[in-house]
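Tertiary structure, described
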Amino acid sequence: MQFELTILGCNSALPTAYRYQTAQVLNVSERFFLIDCGEGTQIQLRRFKTSLQKINYVFISHMHGDHFIGLPGLISSMALLGRTRPLHIFGPRALKEYLDYHTKLFGGRMEFVIDFHLNNPSKKELIFEDKVVEVYSFPLYHGSIPTSGFLFREKRRLANLIKEKLQEYKIPVSQMHRIREGADFINDKGEVVPNEELTIPAPTPRSYAFCSDTSYDERLVPIVKEVDLLYHEATFSEKERELAAKRFHSTAKQAARIALKANVGKLLIGHYSARYPDTTILQEQAQEVFKNTLAVEDGTKINIPLKNREQWRQS
Ligand SMILES: [Zn+2]
Ligand SMILES: [Zn+2]
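Residues numbered from 1 in each chain as written. Chains lettered and ligands numbered in written order. Predicted model: local features only at pLDDT ≥ 70, side-chain atom pairs only at ≥ 80, totals over all residues. Heavy atoms only, no water.

Put simply, the test is: UniProt positions are given in the numbering used here, feature names are shortened, and annotations may be inferred rather than shown by experiment.
The protein goes by Ribonuclease Z in an unreviewed UniProt entry, where it is assigned to Balneicella halophila. The UniProt entry for the protein carries the following comment under Function (unreviewed entry): "Zinc phosphodiesterase, which displays some tRNA 3'-processing endonuclease activity. Probably involved in tRNA maturation, by removing a 3'-trailer from precursor tRNA." UniProt lists a comment for the protein under the heading Sequence similarities (unreviewed entry), and it reads "Belongs to the RNase Z family."

1. Some words on the coordination of the zinc ion (ligand 1)
Filter applied, for reference: The rule for donors is simple: an N, O or S atom within 2.8 Å of the metal counts, and for Na, K and Ca the reach is 3.2 Å. Water is not among the atoms, so a site may look short of donors. For the purposes of this entry, the term helix denotes a DSSP run of H or I that reaches at least four residues, the term strand denotes a run of E that reaches at least two, and both are numbered from the N terminus. For the exposure calls, accessible area comes from a 1.4 Å probe over protein chains only, and a residue counts as buried if that area is under 20% of its type's maximum, exposed if over 50%, partly exposed in between.
Protein-derived ligands of the zinc ion (ligand 1) are Asp66 (OD), His67 (NE2), Asp213 (OD) and His271 (NE2), with the metal-ligand distances lying across 2.1 to 2.2 Å. As a motif over one chain, the donors of the zinc ion (ligand 1) read D-H-x145-D-x57-H. A separation of 3.5 Å is found between the zinc ion (ligand 1) and the zinc ion (ligand 2), which are bridged by Asp213. Taken together, the positions of Asp66 in the loop between strand 4 (55-59) and helix 2 (71-80) and Asp213 in the loop between strand 14 (207-211) and helix 7 (221-224) put the pair 147 residues apart, joining distant regions of the chain. Given the relative accessible area of 7%, Asp66 is considered buried. Its relative accessible area of 1% is what places Asp213 among the buried residues.

2. Notes on the packing of aromatic side chains
Convention followed: Each pair of aromatic rings taken from Phe, Tyr and Trp, with Trp reduced to its six-membered ring, is defined by centres within 6.5 Å and is described as stacked if the planes are under 30 degrees apart, edge-to-face if over 60, and tilted in the remaining cases.
Per the counting criterion, the structure on display carries 12 aromatic pairs. Geometrically, the ring pair formed by Tyr57 and Phe128 is tilted, given 4.5 Å between the ring centres and 50° between the ring planes. In this pair, Tyr57 is assigned in strand 4 and Phe128 in strand 7 (residues 125-129), connecting sequence segments 71 residues apart. Accessibility expressed as a relative area gives 19% for Tyr57, which makes it buried. Ring centres 5.6 Å apart and planes at 90° place the aromatic pair Phe59 and Phe152 in the edge-to-face group.

See the structure below:
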């Protein structure tokens, strides 16, 4: 029942001695989703204790090196470790060409297939779902390079039945699934027992949105509206606002403005320029607009609880 994000790398184009480039892993009830894969991601996975082989799904935002160059190393290690399960990779067409080239020249034995899923960076679309979670890609605004954000949303669980009420109203097993889905109960005499009397609502589904890299763009607001957790890039401080616009990146304050307008639970900022070894200034500037902001570091873990989610959003 986990919904936990681990930051593996949070620097922008240049890595530093203390921060790797963009990569994150999201654990949704033991599904491990890797989001971007900057250089050295496999080392960070080991460092922060996620087994490489647990990763079955990889989502790549765009074709800047700091977001995908870790893939060949990761794939090589998966092969060396004897992987046989397919690896699903979602990304732009150029990434497929890059990986095809890599796997063609790969010298070792590779006994698993890469199942490549082309995603369209120009519109919001559902790109993955199973019984627990849905993943959407959506457009980010990063100049001429097509770039996608990713939105992870748990599916709504069925409500829980109240045992005593089942006995009291003699509800047959054949009706239980419908009632868990929200139906009222109608007995043989045609009397209606409202659903609220029979069930305890399931916890609200949890959600996470990843927005890196992007310039400030309010078209993101409706897409990330009300998510529990938003990661929005904050490459620069306010002083570099013009540079941020020129390079199609955002400032910390702009990230916070998106969080505020979208009424998200918590904001994480990252993708820092190497000029900020200390990110206090970025966190402070963001917090002037949106209090519940954290400037992440490599290794930051954020766990969204299943229950008491509202309190968590306020904390
Ligand atoms: Zn980047
Ligand atoms: Zn970029």
